[in-house]
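Single-letter residue listing:
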Amino acid sequence: MTGPTMKALVCVGPPNLVELREVRPPFAEQGDAIVRVEAVSVNRGELHRLMSSSHFGWQPGWDFAGVVVRAPGGTVPAGSRVCGLVVEGSWAEQLTVPTGQIARIPDNVSTEAAAALPVAGLTALRVLRLRGDLAGQSVLVHGAAGGVGRFAVQLARRAGAHVSAVVGSPERARGVQQLGAHEVVHGLQGLRRRYDLILESVGGSILCQSIDLLAPGGLMVCFGSSSQAETTLSIADFYSKQAIIRGFYLLYDIVREAPAADLEYLLKLSADGELVTDVAAVADWTDAASILSRLRARQIAGKAVLRTCPPSPRAPVGTDE
Ligand SMILES: NC(=O)c1ccc[n+]([C@@H]2O[C@H](COP(=O)([O-])OP(=O)(O)OC[C@H]3O[C@@H](n4cnc5c(N)ncnc54)[C@H](OP(=O)(O)O)[C@@H]3O)[C@@H](O)[C@H]2O)c1
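On a predicted model such as this, the values are computed, not experimentally measured, just so you know.

The rules behind these values
- Residues numbered from 1 in each chain as written.
- Predicted model: local features only at pLDDT ≥ 70, side-chain atom pairs only at ≥ 80, totals over all residues.
- Heavy atoms only, no water.
- Axes fitted to C-alpha atoms, helices over the stretch in contact; angles between N-to-C directions.
- Helix = DSSP H or I, 4+ residues; strand = E, 2+ residues; numbered from the N terminus.
- Parallel < 35°, antiparallel > 145°, perpendicular 65-115°, else oblique.
- Contact = heavy atoms within 4.5 Å.
- Nonpolar A, V, L, I, M, F, W, Y, C, P; charged D, E, K, R; others polar.
- Near = heavy atom within 4 Å.
- Polar contact = N/O pair within 3.5 Å; in protein donor to acceptor, adjacent residues only side chain to side chain.
- Domains from an automatic or database assignment.
- Phe/Tyr/Trp six-rings, centres within 6.5 Å; stacked < 30°, edge-to-face > 60°.
- Lys NZ or Arg CZ within 6 Å of the ring centre and 35° of its normal.
- Core = buried A, V, L, I, M, F, W, Y, C linked by side-chain atoms within 4.5 Å.
- Buried < 20%, exposed > 50% of the residue type's maximum accessible area, 1.4 Å probe, protein only.

*Asks:* Account for the packing of helix α1 (residues 44–52) against helix α9 (residues 288–296), naming residues and giving values.
*Replies:* Axis separation between α1 and α9 bottoms out at 10 Å; the angle between their running directions is 105 degrees. On the basis of the axis angle, α1 is roughly perpendicular to α9. Between α1 and α9, the contacting residues are R44, L47, L50 and M51 on the first element and L292, L295 and R296 on the second. Its residues placed into classes, the contact of α1 with α9 shows 5 nonpolar, no polar and 2 charged.

*Asks:* Hey, could you go over the site of the ligand for me, with residue numbers and the actual values?
*Replies:* Around the ligand sit 23 residues in total, of which R44, G147, V148, F223 and L250 are the nearest. In the environment of the ligand, an oxygen atom lies 2.8 Å from a nitrogen or oxygen atom belonging to the backbone of G147. Here an oxygen atom of the ligand sits 3.4 Å away from a polar atom, N or O, in the main chain of S225. The residues that make up the shell around the ligand include at least three from each of domain 1 (6–120 + 252–307) and domain 2 (131–247).

*Asks:* Please provide a residue-by-residue account of the packing of aromatic side chains, values included.
*Replies:* A complete count under the given rule lists 1 aromatic pair for this structure. Centroid distance Y249 to Y252: 5.0 Å. Interplanar angle 75 degrees. Geometry classified as edge-to-face. Directly above the ring of W58 sits R49, whose terminal nitrogen or CZ lies 4.1 Å from the centroid.

*Asks:* Give a detailed account of the nonpolar core, specifying residues and quantitative values.
*Replies:* Grouped together as the largest cluster of nonpolar side chains are 52 residues, with contacts concentrated most on V139 and V153. Each of two domains, domain 1 (6–120 + 252–307) and domain 2 (131–247), supplies a minimum of three residues to this core. Non-local contacts of V139, meaning those with residues more than four positions away in its chain, are made with L128, L134, A156, A161, H162, V163, S164, Y195, L197 and L199. In terms of nonpolar packing, the next biggest core, distinct from the first, is built from 32 residues, W58, V86, A288 and L292 among them.

*Asks:* Tell me about the packing of helix α3 (residues 118–129) against helix α8 (residues 260–271), and name the residues and values.
*Replies:* At a closest axis distance of 10 Å, the pairing of α3 and α8 adopts a crossing angle of 105 degrees. Judged by the angle between their axes, α3 and α8 are roughly perpendicular. Within the contact between the two elements, α3 uses P118, G121, L122, L125, R126 and R129 and α8 uses D262, L263, Y265 and L266. In the contact of α3 with α8, the residues fall into 6 nonpolar, 1 polar and 3 charged.

This is the structure in structure tokens:
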């Protein structure tokens, strides 16, 4: 390859799914910032996309945290620590991103925590928002020990909801109650309530059983299929309750409304100690294949982060610098 190059993780198919390769640096469109990436996170949706891809050579990656190299009109000063999301290709040394998709990272938030926040945090926030004011409402969170789930539990509790959290195994209950869940269950049998809002991302029989758990007029938001199982449901189970089932897809939703302000809000909560990001695994990006394999085997309880380079120095907490 002639001309300038940079390193990026590229889809190569099974068994490793990704490989570090030399690629062309991205071209900045008008309104784009250029960011030197320091850390990225790995989402289950990316794993599914890599596993199901029949063409290779494309560059995966949504979340990132890094340092601004250049931003249009000085909107964000060069050298600022930022995090954000792109539709493709964040698992790279450098990326270009519309400034509406980044936010500055407060000094006391680590680069790893910031990299883990955008996709999972924004999904949790925006899915919860679909129900409006949650004060006094009952919310059921499936996959509560996962990336989106942990943020959803905290944000729902913060909004004044009664929160029931469903985890995949008794061991995965650890820490979820401390995030604010009123109850943490493994399996749906023990649940007595009916829910105003259900966050459904597992699919298969869980989705069907969850319809039973909807309150009259309740809303179930389907935004994932972690089990990748097919779902057969009886329409009669939910129309009689005048319930609503709707979908959510963040990468479309950020076109409807740019995410910078929501990202700033989540980062402020993090900086104030009101939102915990459980980074369960941090690895160098040369170990991406192993992290993907652990995620697939459900061995990561929280967010997984890949470092693309050593962290840049940042001001100690409590200084103005
Ligand atoms: N539509 C969107 O815009 C959007 C955005 C973000 C995420 N998503 C989707 O939302 C889901 C959660 O994403 P995430 O990044 O938070 O994933 P994650 O960290 O891997 O969490 C997934 C959770 O689902 C639970 N789960 C239950 N049954 C499972 C099964 N059969 N296989 C795998 N996991 C199972 C896991 O339980 P254990 O803890 O017991 O393993 C885990 O807590 C994924 O399906 C993802 O694709 C969608």
